[in-house]
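Below are the chains, spelled out letter by letter.
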Amino acid sequence: SVYETVAAAIEKTLKAKSFEANLSSVLKTDLMGNKSEVKAEGNVKATAVDTNKPKAFFSGNAVMDNYEMAQDYYYDGEWKYFGSEEMGLYKSQVSYAEFAKEIGAPQTVIVTLPEAIFSNAQSKKNDDGSLTVTLTVDETNMETLYRDTIITVVQDVVGEDLNQVVTKDAT
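Residues numbered from 1 in each chain as written. Predicted model: local features only at pLDDT ≥ 70, side-chain atom pairs only at ≥ 80, totals over all residues. Heavy atoms only, no water.

**Considerations on the nonpolar core**
- Counting 16 residues, the largest nonpolar core has Phe19, Val44, Tyr96, Phe99 and Ile103 as the members making the most contacts within it.
- Among the secondary structure elements, those contributing two or more residues to this core are strand S1 (19–31), strand S2 (34–47), strand S3 (55–64), strand S4 (67–75) and helix H2 (96–103).
- In terms of residue count, H2 provides more of this core than any other element does, four residues in total.
- Ile10, Leu113, Ile117 and Phe118 belong to the second largest nonpolar core, which has six residues in total. (Core = buried A, V, L, I, M, F, W, Y, C linked by side-chain atoms within 4.5 Å. Buried < 20%, exposed > 50% of the residue type's maximum accessible area, 1.4 Å probe, protein only. Helix = DSSP H or I, 4+ residues; strand = E, 2+ residues; numbered from the N terminus.)

**Considerations on the environment of Pro106**
- Residue placement: Pro106 occurs in helix H3 (residues 106–109).
- With a relative accessible area of 9%, Pro106 lands in the buried category.
- When neighbours within four sequence positions are excluded, Pro106 is seen to be in contact with Thr13, Phe19, Ala21 and Val44. (Contact = heavy atoms within 4.5 Å.)

**Quick word on the sheet that holds S3**
- Reading across from one edge, S1-S2-S3-S4-S5-S6 is the order of the six strands in this open sheet, with antiparallel pairing throughout. The two strands at the open ends of the sheet, each matched to only one other strand, are S1 and strand S6 (88–93). Here the average twist between neighbouring strands, direction ignored, is 20°.
- Pairing between S3 and S4: nine bridges, direction antiparallel. The partner of Ala62 across the bridge, within S4, is Met69.
- Packing against the sheet, H2 makes contact with S1, S2, S3, S4 and strand S5 (79–84), and its axis sits at approximately 155° to S4. (Pairing = 2+ DSSP bridges. Axes fitted to C-alpha atoms, helices over the stretch in contact; angles between N-to-C directions.)

Written as structure tokens, this is what we have:
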């Protein structure tokens with residue numbers, strides 16, 4: 001079944017000792033009328049992911065508020081190297097988990113999917129033998145699958161107090 005094929009691919013990906021992935025993301029935000037969009041595209045390569053000294057490299061571009069900038073990051077198992085000639089070059093000591101989360105490595109965005117969301121799945125066999133699966137996921141499932149990511153995005157804006165209330169015409 002499509003579900004079993006995707007579940008097996010997810011399992012193999014999460015257990016990979018090395019990988020290469022082309023990543024593309026768009027984060028659209030509409031917070032109380034303030035709209036923004038951040039796009040990022042790039043290629044990430046990693047080796048020795050199953051060791052205590054993984055190495056990874058991300059090369060791509062980001063567009064924020066119509067400003068495009070090159071993004072190159074390298075992780076040597078202990079230090080993250082980043083920056084640009086225009087803005088300066090830097091290094092910072094971080095864990096691989098922190099680096100992987102920042103660049104959007106597959107292990108940080110791929111989650112195990114419940115079989116129920118495959119009821120209306122669309123699948124297509126590509127000319128190269130790969131399979132493209134398109135899923136429509138409702139808001140409740142999305143909030144469950146990506147709860148931690150959603151909380152992180154919200155906390156970046158409003159802080160850690162998720163019980164804030166916005167009122168209109170308050171005195």
